[in-house]
Amino acid sequence: MFEAYGQTEATVMAGNFPGMEPKPGSMGKPAPGYDITIVRPDGTKCDPKEPGVIVVNLENGRPFGLFTGYYHDEEKTKSVFENNKYLTGDTAYYDEDGYIWFIGRNDDVIKSSGYRVSPFEIESILQQHPAVLECAVTGVPDPRRGQAIKATIVLTKLYEASEQLRISILDWMKEKTASYKHPRIIEFVSALPKTISGKIRRVEIRENDQKKDEK
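The model shown is predicted, which means the values in this text are computed figures rather than measured ones.

Student: Please explain the sheet that holds strand β2 (residues 12–15) as it appears in this structure.
Tutor: Two orientations exist for strands paired in a sheet by backbone hydrogen bonds: parallel and antiparallel. Reading across the sheet, the three strands line up as β1-β2-β3 and stay open at both edges, with antiparallel pairing between neighbours. Here the strands that pair on one side only, and so sit at the sheet edges, are β1 (4–6) and β3 (29–30). Pairing analysis gives three bridges linking β1 to β2, with the strands arranged antiparallel. Bridge pairing in β2 links Gly6 to Val12.

The following block contains the structure:
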C-alpha cells in the first residue's frame, strides 16, 4: 500500500511516490509543489522524531490544489493562513530519512502523564486485534494523569461485548505498547459517530463523555 496524506482543503500533500521505498505506516514525503515543514508552537522547525504541526509554506507561491479560504468565513480563513503559511491543524514528525509520520489532529492529541499520545497510533494497533472491527481513541479527564486514554470499539460479528473481552484486549495492548499508551477505559458500541465522508468524529465522543460526567 502506498500511503499518502491530504485534506479536504487540498490535494495530496505528501505521499509515497514512484521511485520511493515506502515505509509502512509513514505517509511518505512532501508532494511536488508542496513546501511542507513540521514546526513547534513558536514556528521553528522541529528536529527528527519531534512532534509538531504540519504547515505549508507559501512564500514561493500557493501550490496548485490548495484552497483559498472557507466559504463565507473570513475569521476561520485568517486563523489558518498566517505569516505566509497554511496551518493544517495536523500533527506529525519527520524521521531521520525525511519520511513523515502522522500523529493526529492537533485537538485530538492526548496529553497523558506528561506524554503526547497519538490516537491514530493506538487505533492502528487496536485494529490488529481480531475482535476489533473499528475503533476511536480519545482522552478523558483524569486527576492523576491529566487525561486517561479511552478506546471506543465496534466489535466484529464473531465477538460479543463482555468484561472478559475488555480485560483480554487490555492485556493484549500491554504486550504491544509502552505503559503510557495503554487504554485505561474501553467502551463497546454498535457504531461510531462519523462525518458524511466517513471520518470518525472523535470530538462527538468527547462531547458525549463530557455530558455523562456533567450528569
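Student: Is there a simple way to think about the sheet that holds strand β12 (residues 146–155) in this case?
Tutor: Taken in spatial order, the three strands make up an open sheet running β11-β12-β13, and their pairing is mixed. Each edge of the sheet is formed by a strand with only one pairing partner; in this case those strands are β11 (132–142) and β13 (185–188). Sheet twist, expressed as the mean angle between neighbouring strand axes with direction ignored, is 25°. Pairing geometry for β11 and β12, over ten bridges, is antiparallel. Residue Val140 lies in a different strand from β12, and its bridge partner there is Ala148. Where helix α3 (residues 163–176) meets the sheet, it contacts β11, β12 and β13, and its direction lies at approximately 130° from that of β13.

Student: Teacher, can you tell me more about the pairing of β11 here?
Tutor: Two faces, one strand: in a regular strand the side chains alternate between the faces of the sheet. Within β11, nine of the eleven residues are buried, which leaves it mostly tucked inside the rest of the structure. In textbook terms, the turn of a hairpin is the stretch between consecutive antiparallel strands, and for β11 and β12 this stretch comprises three residues.

Student: It is not clear to me how the side chain of Glu123 should be interpreted in this structure. Could you clarify?
Tutor: In this structure, Glu123 sits in helix α2 (residues 119–126). With near-sequence residues (within four places) excluded, Glu123 lies in contact with Cys135, Ala136, Val137 and Arg202.

Student: Mind showing me how you'd approach the packing of aromatic side chains here?
Tutor: Describing an aromatic ring pair means giving the distance of the ring centres and the angle of the ring planes. Evaluated as defined, the whole model comprises eight aromatic pairs. The interplanar angle of 65° and the centroid separation of 4.9 Å between the aromatic rings of Phe67 and Tyr70 together place this pair among those described as edge-to-face. When the centroid spacing of 6.4 Å and the interplanar angle of 10° are considered together, the rings of Tyr93 and Trp101 count as stacked. Pairwise contacts between aromatic rings join Phe67, Tyr70, Phe81 and Tyr86 into one cluster. Across the ring face of Tyr94, the terminal group of Lys45 is positioned such that the distance to the ring centre comes to 5.6 Å.

Student: How should the pattern of salt bridges be read in this particular structure?
Tutor: Oppositely charged side chains may form a pair once their charged atoms are brought near each other. Applying the stated criterion across every chain yields a total of 15 salt bridges. The salt bridge partner of Asp97 is Lys23, with a shortest N-O separation of 2.7 Å. Of this pair, Asp97 sits in the loop between β7 (85–94) and β8 (100–105) while Lys23 sits in the loop between β2 and β3, and the two are 74 residues apart along the sequence. The class for Asp97 is partly exposed, based on a relative accessible area of 47%. The class of Lys23 is partly exposed, set by a relative accessible area of 24%. One salt bridge connects Glu204 with Arg201, and the closest N-O pair in it is separated by 3.0 Å. By sharing partners, the salt bridges in this structure join Lys23, Asp95 and Asp97 into a single network.

Parameters at a glance
Residues numbered from 1 in each chain as written. Predicted model: local features only at pLDDT ≥ 70, side-chain atom pairs only at ≥ 80, totals over all residues. Heavy atoms only, no water. Pairing = 2+ DSSP bridges. Helix = DSSP H or I, 4+ residues; strand = E, 2+ residues; numbered from the N terminus. Axes fitted to C-alpha atoms, helices over the stretch in contact; angles between N-to-C directions. Contact = heavy atoms within 4.5 Å. Buried < 20%, exposed > 50% of the residue type's maximum accessible area, 1.4 Å probe, protein only. Phe/Tyr/Trp six-rings, centres within 6.5 Å; stacked < 30°, edge-to-face > 60°. Lys NZ or Arg CZ within 6 Å of the ring centre and 35° of its normal. Salt bridge = Lys/Arg side-chain N within 4 Å of Asp/Glu carboxyl O.

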